[in-house]
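Close look at the chain arrangement
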Amino acid sequence: MAESTSTKDEVRAVLERKAAALKQRSAPKLQELLEANFVYVTASGRRLRRDDYVENGTGPHGLRFQSQEIEGLEVADFGDIAIATMILHDRFEAQGHAVAETYRSFCVFLRHGSTWLWAGGQTCVAGRPANPS
């Protein structure tokens, strides 16, 4: 289906609130954006349910985000479902190591009344151009 500008704006707002919640390490703010049956596959291949995702992004042993920037957001609006694809530029700390990485992400959103909740998705490291020999 065609991309709806208002749906794209609404989904971008959810993604920006998610990025802010991760940076602030706010479990309540992050949890309010996630659908109850949320499921996510990380770039390392781990499947996380809602509580595990929140713990991984905000808990004492989880990732510590400095920033998450969205690029090339595209949203397909299917009525009560929206599918978003994008590039994410992340800066975070994992197990004491600084990480700056670019990811390709696929996210599914469900409409709940007048708001969108993030229902799940998958992220992988974005392809890199080949090194010249």
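This one's a predicted model, so the numbers in the text were calculated from it and none came from an experiment.

In this section: the overall build of the protein chain. Summing up its helical and strand segments, the protein chain has three helices and six strands in all. Starting at the N terminus, the α and β elements of the protein chain follow one another as α-α-β-β-α-β-β-β-β. Relative to a compact globule of 133 residues, whose C-alpha radius of gyration would be 14 Å, the protein chain shows 15 Å and is just as compact. Expressed as lengths along the three principal axes of its C-alpha atoms, the size of the protein chain is roughly 45 × 40 × 20 Å. Restricting to contacts in the protein chain with at least 6 residues of sequence separation, those with at least 24 account for 50%. Carbon and sulfur atoms make up 50% of the accessible area of the protein chain, which totals about 7,700 Å². Here the protein chain carries 16 positive and 17 negative side-chain charges, and the mean point of each set is 5 Å from the other.

As summarised here, the arrangement of the six strands in space is β2-β1-β6-β5-β4-β3, forming an open sheet in which the pairing is mixed. Each of the sheet's edge strands pairs with one partner strand only, and the pair in question is β2 (47-49) and β3 (64-77). Taking each pair of neighbouring strands and ignoring which way they run, the sheet shows an average axis angle of 20°. Bridge count between strand β1 (residues 34-41) and strand β6 (residues 115-125): four bridges; the pairing is parallel. Paired with Tyr40 across the bridge in β6 is Gly121.

To continue, consider the pattern of salt bridges. Throughout the structure, instances matching the rule amount to two salt bridges. Across the pair Glu10 and Arg111 runs a salt bridge whose closest N-O atoms are separated by 3.9 Å. Of this pair, Glu10 sits in helix α1 (residues 5-24) while Arg111 sits in strand β5 (residues 97-112); the two residues are 101 residues apart in sequence, bridging distant segments of the chain. According to the relative accessible area criterion, Arg111 is partly exposed, its value standing at 27%.

This next bit is on the environment of Glu32. Topologically, Glu32 is positioned in the loop between α2 (27-31) and β1. When residues no more than four places from it in sequence are discounted, the contact partners of Glu32 are Arg17 and Leu117.

The side chains of a regular strand alternate between the sheet's two faces. Here 14 bridges tie strand β4 (residues 81-94) to β5, and the two strands are oriented antiparallel to one another. Its bridge partner lying in β5, Ile83 is registered against Val108. Linking β4 back to β5 in an antiparallel pair, the connection comprises two residues, with Gln95 at a positive phi of about 50°. The pairing of β5 with β6 spans 10 bridges and is antiparallel. For Phe109, the partnering residue across the bridge sits in β6 and is Trp118. Hairpin connection, β5 to β6: the antiparallel pair is bridged by two residues, and Gly113 has positive phi, about 65°.

Apart from glycine, the bulk of residues carry a negative phi angle, and the bulk of peptide bonds sit in the trans form. One non-glycine residue with positive phi stands out, namely Arg25, at about 55°. Tracing the sequence through the fold places Arg25 in the loop between α1 and α2. Classification of Arg25 by relative accessible area gives partly exposed; the value is 22%. The backbone phi angle of Gln95 is positive, close to 50°, even though this residue is not glycine. Residue position: Gln95 is located in the loop between β4 and β5. Note on Gln95: relative accessible area 77%, which makes it exposed.

The rules behind the values
- Residues numbered from 1 in each chain as written.
- Predicted model: local features only at pLDDT ≥ 70, side-chain atom pairs only at ≥ 80, totals over all residues.
- Heavy atoms only, no water.
- Helix = DSSP H or I, 4+ residues; strand = E, 2+ residues; numbered from the N terminus.
- Rg over C-alpha atoms; globule rule 2.2 N^0.38 Å.
- Contact = heavy atoms within 4.5 Å.
- Areas by Shrake-Rupley, 256 points an atom, 1.4 Å probe, with all protein chains shown as cover.
- Lys, Arg positive; Asp, Glu negative; His and termini not counted.
- Charge placed at Lys NZ, Arg CZ, Asp CG, Glu CD.
- Pairing = 2+ DSSP bridges.
- Axes fitted to C-alpha atoms, helices over the stretch in contact; angles between N-to-C directions.
- Salt bridge = Lys/Arg side-chain N within 4 Å of Asp/Glu carboxyl O.
- Buried < 20%, exposed > 50% of the residue type's maximum accessible area, 1.4 Å probe, protein only.

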